[in-house]
Amino acid sequence: MVNIPKPSLLFDQWKLNPNIVHLNHGSFGGTPRFIIEKQKKYIDKLESEPVDFSVRQWYPLYYENKKALADFVGTSEHNMYLVPNTTIGINYILHNQKESNQQWLTTNHAYGACIHAFHKIGEDRGNEIIKVQIPFPLDSENEILEKLETNLSPKTSLALIDYITSATAIIFPIKKIIDLLHSKGIKVIVDAAHAPGMVDFNLDAFDADYFVANCHKWICSPKGSAFVYVNPKHQKEYKPVFYSFYNDWNADEAAHWSNQFIWEGTKDYSAYLCIKDALSYMPSLVNGGWNEIKKHNRDLAIQGAKLIANKLGVELPVPESMLGSIVNIPLWDDKIPLKFFNYYTEVKNILYDQYKIEVPCVLFPQAPKQYVRVSAQLYNSIEEYEYLGDCLLKIRNSS
Ligand SMILES: Cc1ncc(COP(=O)(O)O)c(C=O)c1O
């Protein structure tokens, strides 16, 4: 048995296994016990009176959760609808793009599943996919803007851009990118899977064409809660991918567009119904509300990453101004793992099996170049990063 460090005093608010050091909030989030209990109550209601809950109680609850989320991200609830996750949300948007013989542009930092969907759907429509190679490490956001600009052509019609990249943990200058692409008449889909609850933004001020984000990552609502935003200028042509009831219970005309998307058939909607609770519960854990949570997590992630980088004698790969609550630290090279999925490099396996640390190792741009990506959430303590650094030193010394 190894001696693992203590997490923060807030750890018990989460259901996480205390025998593991949890430094990977970024991949799948983590939901506090209080919210999980709320979710169970909704499931109990559904199962004790399926008809009453689904027919009479569900819609006002759905609506109030969507409204609370819309207020939090800075748009009208009528510009968005809830989806189970970003992957599905991106697919929804892509299926709504009808153009052909154009160029669709994304970057080598975009999330794998979404790039895959972008290729499949774009190529099915007869479009050419351009994957802009943005360097990593990088020195400034200008490198991103310049690389994008030099890869545009008169045929570029659509771009899929990550707000906070997954494997490389960079906050992209998303407003500047949207403005640049709009100035060339290009529509922008923002994959903002990590943004709500990690960084400050105002959705309306972005004026993105489409925007998708998870609530189950940094808002800490239950898994299966996310949203799609569609700019009002595209709503008329934007249709459901699968048609369902047209739910115009709400007499307000403004709700008609988004109400086409809300009923996904019979299923457990409890994750959606806990978004509002998560939005109010999380800030109740600290004095300074969401601003304090975002600052605390970012400060801890950067402090922890620097501590590890110092131990290993390496530099962080991007300027601090481009970092949030997930941060990459360069490691030594590793070979391509047998099971090729970022989570299974040899170092990652030793960290988990031997030292009980859950943290992803990322091969980027490709093996053998390897990084470890740390996350920070309220339940983490600085001692956990110290421990990770010491374990990495031991692994490096013995390899
Ligand atoms: C940038 C980005 N996009 C999309 C996703 C996919 O999110 P989900 O699995 O909730 O669909 C992730 C997950 O980590 C991500 O980091």
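Below or above, wherever it landed, is the structure these notes cover. (Residues numbered from 1 in each chain as written. Predicted model: local features only at pLDDT ≥ 70, side-chain atom pairs only at ≥ 80, totals over all residues. Heavy atoms only, no water.)

### Section: the packing of helix H2 (residues 33–48) against helix H3 (residues 50–73)
Selection criterion: Lines are fitted to the C-alpha atoms to define the axes, a helix being fitted only along its stretch in contact, and any angle between axes, read from their N-to-C directions, falls within 0 to 180 degrees. Secondary structure follows DSSP: runs of H or I at least 4 residues long count as helices, runs of E at least 2 residues long count as strands, and numbering of each begins at the N terminus. Throughout, the term roughly parallel applies to angles under 35 degrees, roughly antiparallel to angles over 145, roughly perpendicular to angles from 65 to 115, and oblique to all others. Only heavy atoms enter the contact rule, under which two residues are in contact if any of them lie within 4.5 Å. Throughout this entry, Asp, Glu, Lys and Arg are counted as charged residues, while Ala, Val, Leu, Ile, Met, Phe, Trp, Tyr, Cys and Pro are counted as nonpolar. The remaining residues, Gly among them, count as polar.
Interaxial distance between H2 and H3 falls to 6 Å at its minimum, and their mutual angle equals 135°. As summarised for this structure, H2 and H3 are arranged oblique, according to the angle between their axes. Contacts between H2 and H3 involve Tyr42, Lys45, Leu46, Glu47 and Ser48 on the former and, on the latter, Pro50, Phe53, Ser54, Gln57 and Leu61. Of the residues contributing to the contact of H2 with H3, the split by class is five nonpolar, three polar and two charged.

### Let's talk about the sheet that holds strand E11 (residues 361–363)
The condition that has to hold: When DSSP finds two or more bridges between a pair of strands, those strands are recorded as paired.
Across the sheet, three strands lie side by side as E9-E12-E11; this open sheet has antiparallel pairing. In this open sheet, the two strands that pair with only one neighbour each are strand E9 (326–330) and E11. Neighbour-to-neighbour, the strand axes of the sheet open up by a mean angle of 35°, direction not taken into account. With three bridges joining them, E11 and strand E12 (residues 370–375) adopt antiparallel strand pairing. When the bridges of E12 are listed, Leu363 appears paired with Gln370. Contacts from helix H12 (residues 289–312) reach E9 and E12, with the element oriented near 5° to E9.

### Observations concerning the pairing of strand E2 (residues 80–83)
This is how it is decided: Buried, partly exposed and exposed residues are distinguished by accessible area as a fraction of the type maximum, computed with a 1.4 Å probe on protein chains only: under 20%, between the cut-offs, and over 50%, respectively.
Alternating positions in E2 separate into two faces, Met80 and Leu82 on one and Tyr81 and Val83 on the other, with burial throughout. One ladder, built from four bridges, connects E2 with strand E8 (residues 226–230); its direction is antiparallel. In the sheet register, Val83 faces E8, and the bridge partner there is Ala226.

### Things to note about the side chain of Ser166
Along the chain, Ser166 turns up in the loop between strand E5 (156–162) and helix H7 (174–183). Once residues within four sequence positions are removed from consideration, Ser166 is found in contact with His109, Tyr111, His194 and Arg373.

### Some remarks on the site of the ligand
Put simply, the rule is: One heavy atom within 4 Å of a molecule or strand is enough for the residue carrying it to be called near that molecule or strand. In protein, a polar contact requires one atom able to donate a hydrogen and another able to accept it; more generally it is a pair of N or O atoms within 3.5 Å, and residues adjacent in sequence count only if both atoms are side-chain atoms. What sets the accessible areas is the Shrake-Rupley method with a 1.4 Å probe; for residues, cover comes only from the shown protein chains.
Within the structure, the ligand sits among 14 residues, and Thr87, Asp191, Asn214, His216 and Lys217 are positioned closest to it. The side chain of Asn85 places a nitrogen or oxygen atom 3.4 Å from an oxygen atom of the ligand. Backbone polar atom of Thr86 to an oxygen atom of the ligand: 3.3 Å apart, as the coordinates give it. A total of 390 Å² of accessible area belongs to the ligand in isolation, and the protein chains cover 91% of it. Split into classes, the residues belonging to the shell around the ligand amount to four nonpolar, seven polar and three charged.

### Brief notes about the pattern of salt bridges
Just so we agree on the cut-off: We define a salt bridge as a contact between a side-chain nitrogen of Lys or Arg and a carboxyl oxygen of Asp or Glu at a distance within 4 Å.
Across all of its chains, the model carries 17 salt bridges by this definition. A salt bridge links Lys40 to Glu37; the shortest N-O distance between them is 3.3 Å. Placement of both Lys40 and Glu37 in helix H2 is noted, with a separation of three residues, approximately one turn of the helix. In this structure, Lys348 and Glu358 form a salt bridge, with 2.9 Å as the shortest nitrogen-oxygen distance. Of this pair, Lys348 sits in helix H13 (residues 346–353) while Glu358 sits in strand E10 (residues 357–358), and the two are ten residues apart along the sequence. Residue Lys348 is classed as buried on the basis of its relative accessible area, which comes to 6%. One connected set of salt bridges, linked through shared partners, spans Lys311, Glu386 and Asp390.

Without other data, these values stay purely geometric and don't point to any function.
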